[in-house]
Structures are given as C-alpha cells and as structure tokens.
Amino acid sequence: MPLPGTEIIDLRSDTKTQPDDLMRLAMSRAEVGDDKSGEDPTTRRLEETSAEILGKEAGLFVVSGTMGNLVSIKTQTRPGQEIICERDAHIYRYEGGGLSAICGLLPRLIPGVHGAMDPAAVEAAISDGSNVHVGPTGLIEIENTHNVAGGTVLSLEHVQAMSDLAHRHRIPMHCDGARIFNAATALGVSAAELAAPVDSIQFCFSKGLGAPIGSMICGTREFVEAARPVRNIVGGALRQAGVIAAAALVALQEGPKRLQEDHEHARMIAEALVELPGASVDMATVQTNIVNLELRRDDLDAPGLCRELQRYGILTTARTAHEIRLVTHKQVDDADTDRVCLALREVLA
Ligand SMILES: Cc1ncc(COP(=O)(O)O)c(C=O)c1O
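Residues numbered from 1 in each chain as written. Predicted model: local features only at pLDDT ≥ 70, side-chain atom pairs only at ≥ 80, totals over all residues.

Participant: Let's hear about the nonpolar core: which residues, and what values?
Facilitator: Nonpolar side chains in soluble globular proteins tend to be buried together. Judged by nonpolar contacts, the single largest core of 73 residues is most densely connected at Ile 180, Ala 195, Ala 247 and Ala 248. Counting 25 residues, the second largest nonpolar core, distinct from the first, contains Leu 11, Ala 266, Ile 269 and Leu 293. (Core = buried A, V, L, I, M, F, W, Y, C linked by C-beta atoms within 7 Å. Buried ≥ 20, exposed ≤ 12 C-beta atoms within 10 Å, placed from the backbone.)

This is the structure:
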C-alpha cells in the first residue's frame with residue numbers, strides 16, 4: 001500500500017488516463033444523433049477528420065482497438081485462411097482469440113526483431129492456396145508501435161517493403177496502429193505516411209492520445225462500407241455515439257502534440273534504470289513511451305519490485321516473473337518522472 005497522502009503515478013498503461021476538462025466540456029456539449037443510421041454529426045466529423053489525418057478515404061468509429069482490429073481483419077478475410085503476424089502481435093496474444101473464434105483464421109506467426117518481421121520470412125510463409133493441405137494467406141498484419149517489443153517503431157521503409165511484398169501476392173495488409181501517432185512522432189513523419197502503404201489501419205484514441213473510449217479504422221470507402229455491417233455483427237454499431245466521439249476529437253487534435261514529452265519521460269526512466277545493479281533495459285527498444293525492465297537479481301522478482309514501488313505510490317505491471325513494464329502518458333509530468341527515477345534508485349540501488 002502507498003504511504004498515506006502519496007499521490008499515485010500510474011505507469012501500468014497509457015490507457016489509464018482520465019478525460020481532461022476540455023474533453024468533458026466537449027462531451028457535455030456534443031451534438032448527437034443515431035449513429036447506427038449515420039445520423040450522429042459528431043461521430044461523422046470524427047470519422048472524416050481521422051480519415052483526412054490518416055490520408056485515407058474514409059473512417060469508421062469503433063469502441064476499442066480490439067474491435068477495430070477484429071472488424072478490419074474479418075472484413076478482408078474469409079474463414080479457413082491464414083493470417084501472417086508477428087509472434088507477439090497484440091491480435092494474437094491479447095485479443096481473446098478473436099482471430100480464430102470470430103474470423104475463423106489460423107495465425108501463422110513470424111518472430112520479429114523489435115517487432116519487425118523479416119520480409120523474406122514473411123514471403124516464405126505465404127500460401128497461395130495451391131497446396132490443398134494449407135489454407136491460403138488471407139492477410140498480413142503489422143503492429144506499429146509494437147507493444148510487447150517495448151513500443152518499438154516500424155520504419156517507413158519497413159512498412160513499405162512489407163506492403164510491396166503483400167501486394168505482389170495480392171494479399172491485403174492491416175496495421176494495428178493503436179499507437180501510430182507515437183510511431184509518427186518518434187520517426188518525425190506523419191501518421192498518413194505510415195498509413196499510406198497499408199490497406200486498413202486501426203488506431204486508438206484511448207491510449208497516448210488520452211481519450212476515455214474509442215478507436216478508428218481507416219481505409220478506402222469500399223473497405224469502410226464493407227466493414228460497417230461487420231461492426232454491427234459484433235455489436236459495435238452505436239446510437240448517440242457523439243458523446244464519446246467528442247472526447248476523441250479533442251484527443252485527436254490535442255494528443256499528438258505532446259507525445260514527444262511521453263517519449264522523453266520514458267527515456268529518462270530507462271536511463272535511470274541502466275545505472276542500477278541487476279536492472280537491465282535494452283535501450284535500443286526505448287523508442288517511444290514504453291520501458292521494459294528486466295530484473296536480474298536473486299533478492300527481488302518483478303512482482304516484488306511492483307510491490308516496493310507501490311509503497312512510493314507508483315503503479316507498474318509485472319509482465320513476467322522477471323520483467324516489469326512502465327508506460328508514460330499524459331498524466332505523468334516532469335516531477336512525476338523525477339519521483340519515479342528516485343524511487344527506482346532507492347529500491348534497486
Ligand atoms: C498494440 C495494441 N493493439 C490493440 C490494443 C487493443 O486496444 P483496446 O484495449 O482498446 O481493445 C492494444 C491495447 O493495449 C494494443 O496495445
């Protein structure tokens with residue numbers, strides 16, 4: 001338990017942010033209608049603005065990243081096909097098996113380096129359906145930034161190379177861009193440039209951008225029209241969705257401007273850790289707002305470190321027995337970052 005009066009710093013995820021005053025005001029004033037019939041003006045504005053920013057023809061609002069990936073993938077595949085994705089992809093590890101349970105797909109996993117699959121390995125794994133024993137490849141999926149790898153970024157060149165090879169084989173490409181604005185910030189390019197090579201992209205308002213709820217899928221108008229009934233099947237067609245879309249609009253306009261700060265805070269934490277005994281951080285993976293810390297000590301495991309940090313009011317997640325994950329976000333400021341570095345030094349030194 002934290003000492004009484006200690007202010008909590010929640011580093012468990014960038015999903016933990018609270019909606020700010022601007023968002024709450026926008027929500028309270030949102031113009032709304034029945035979105036299932038396309039009559040919610042705020043949701044429509046959010047979809048149009050998102051598509052414009054992502055450089056795609058159209059957008060479709062969904063309640064979560066999981067739903068965004070599921071609807072995008074189901075729209076572009078049919079049961080019995082294979083989907084190629086990275087071994088630790090969020091769609092494979094953390095989305096409840098929806099790929100198989102709902103889309104009827106068999107995941108074909110490729111190990112990546114910092115979340116990036118080797119294009120040659122991907123090409124070798126493609127099945128064109130000519131072998132009756134193997135389901136044809138229906139889709140190739142990439143994740144940018146890659147969550148489990150530590151918020152690592154796929155470069156523009158890598159995304160383009162993957163897309164070129166997918167399209168050479170007439171296979172569509174989906175990007176789980178839950179944190180695409182973090183990737184764009186780290187690379188100094190626009191989200192549209194990172195989205196251009198892929199057929200569909202999902203991004204979250206509820207992570208680094210700081211909104212309470214919501215994700216967007218973007219692609220061609222044809223793709224979005226095909227995705228609309230799929231969203232309905234999974235219960236994702238909403239009524240007066242403008243109430244939440246209004247906060248997402250604020251997140252979209254204001255959120256990307258301050259992501260660089262989150263990245264700097266993550267780097268400061270990682271640099272503090274590197275100096276400490278028995279704490280190992282692969283600095284090459286500290287590219288955005290996630291720090292994966294590996295503990296190499298006999299006297300302290302990851303759950304133990306989480307408990308120690310909790311006494312300082314700092315919440316973290318034990319990923320495994322020896323790894324913890326720290327994620328910076330909008331509600332972690334300079335002073336909080338200093339407090340985290342100090343607490344880590346006190347606990348680990
Ligand atoms: C890379 C990635 N994709 C998708 C999701 C799913 O988003 P949601 O929790 O909104 O379903 C997450 C959530 O953390 C994520 O990190």
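Participant: So, the site of the ligand: which residues are in play, and what are the values?
Facilitator: The ligand sits among Ser 64, Gly 65, Thr 66, His 90, Glu 143, Asn 147, Asp 176, Ala 178, Cys 204, Ser 206 and Ser 215. By residue class, the composition of the shell around the ligand is two nonpolar, seven polar and two charged. (Near = placed C-beta within 6 Å. Nonpolar A, V, L, I, M, F, W, Y, C, P; charged D, E, K, R; others polar.)

Participant: Give a detailed account of the packing of helix H12 (residues 259-274) against helix H14 (residues 334-348), specifying residues and quantitative values.
Facilitator: H14 packs onto H12 with a crossing angle of 15 degrees between their chain directions and a minimal axis gap of 9 Å. It follows from the interaxial angle that H12 and H14 lie roughly parallel. Here H12 and H14 pass one another in a crossing that is right-handed. Contacts between H12 and H14 involve His 265, Met 268, Ile 269, Ala 272 and Leu 273 from the former and Thr 337, Val 340, Cys 341, Leu 344 and Arg 345 from the latter. Residues belonging to the contact of H12 with H14 are distributed by class as follows: seven nonpolar, two polar and one charged. (Axes fitted to C-alpha atoms, helices over the stretch in contact; angles between N-to-C directions. Helix = DSSP H or I, 4+ residues; strand = E, 2+ residues; numbered from the N terminus. Parallel < 35°, antiparallel > 145°, perpendicular 65-115°, else oblique. Left-handed = near helix turned anticlockwise from the far one by under 90°. Contact = placed C-beta atoms within 7 Å.)

Participant: So what about helix H1 (residues 21-29)? Which residues, and what values?
Facilitator: Inspection of H1 places Met 23, Ala 26 and Met 27 among the buried residues, and these make up the whole buried set. The arc that holds the buried residues of H1, viewed along the axis, is 100 degrees, so those residues lie on one side. Counted as exposed and oriented over 90 degrees from the buried face of H1: Asp 21, Ser 28 and Arg 29. Check the buried side of H1 and you find it contacts helix H11 (242-254). (Arc of directions from axis to C-beta.)

Participant: Outline the sheet that holds strand E12 (residues 290-295), supporting the account with residue identities and numerical values.
Facilitator: The sheet built from four strands is open, its strands ordered E11-E12-E15-E14 with antiparallel pairing. Strands with a single pairing partner mark the edges of an open sheet, and in this sheet they are strand E11 (279-280) and strand E14 (317-320). Relative to strand E15 (residues 323-327), E12 is paired through five bridges, and the arrangement is antiparallel. Bridging across to E15, Asn 292 finds its partner in Arg 325. (Pairing = 2+ DSSP bridges.)

Participant: Describe the environment of Gly 219, naming the residues involved and giving the relevant values.
Facilitator: Looking at the element boundaries, Gly 219 is found in strand E10 (residues 215-219). Note on Gly 219: 27 C-beta atoms within 10 Å, which makes it buried. The spatial distance from the C-alpha of Gly 219 to the C-alpha of Leu 156 is 18 Å, given a sequence separation of 63 residues. In contact with Gly 219, not counting residues within four places along its chain, are Lys 56, Ala 58, Asp 199, Ser 200 and Val 224.

Participant: With reference to specific residues and values, describe the packing of helix H8 (residues 180-187) against H12.
Facilitator: Angle between the axes and distance between the axes: these two values describe a pair of packed helices. Direction vectors running N to C along H8 and H12 enclose 80 degrees, while the axes themselves pass 9 Å from each other. In this view, H8 runs roughly perpendicular relative to H12, as classed from their interaxial angle. Counting all contacts with H8, which are made through Phe 181, Asn 182, Thr 185 and Ala 186, the residues of H12 involved are Leu 259, Gln 260 and His 263.

Participant: Quick rundown of the sheet that holds E10? Include the residues and the values.
Facilitator: Read across the sheet, seven strands follow the order E2-E10-E9-E8-E7-E3-E4 without closing on themselves; strand pairing throughout is mixed. A single partner strand is all that each edge strand has here, and the edge strands are strand E2 (58-62) and strand E4 (106-110). Averaged over all pairs of adjacent strands, the angle between their axes in this sheet comes to 20 degrees, without regard to strand direction. Contacts from helix H2 (residues 41-54) reach E2, strand E9 (200-204) and E10 within the one sheet, and its direction differs from that of E2 by about 125 degrees.

Participant: An account of unusual backbone geometry is requested, with residue identities and associated values reported.
Facilitator: The omega angle of the peptide bond from Asn 144 to Thr 145 is 0 degrees, so this bond is cis rather than trans. Even without a glycine there, the phi angle at His 114 is positive, about 50 degrees. Residue placement: His 114 occurs in the loop between strand E5 (112-113) and strand E6 (116-117). At Arg 170, a position not held by glycine, the phi torsion is positive, near 55 degrees. For Arg 170, the location among the structural elements is in the loop between helix H7 (156-168) and strand E8 (173-176).

Participant: With reference to specific residues and values, describe helix H3 (residues 65-76).
Facilitator: Each turn of an α-helix holds 3.6 residues, which means side chains three or four residues apart point in the same direction. Helix length check: H3, at 12 residues, gives a terminal C-alpha distance of 17 Å against a target of 16 Å (1.5 Å per residue), a fit within 8%. With 12 of 12 residues buried, H3 lies mostly within the body of the structure. Within H3 the residues assigned to the buried category are Gly 65, Thr 66, Met 67, Gly 68, Asn 69, Leu 70, Val 71, Ser 72, Ile 73, Lys 74, Thr 75 and Gln 76. (Expected span 1.5 Å × (residues − 1).)

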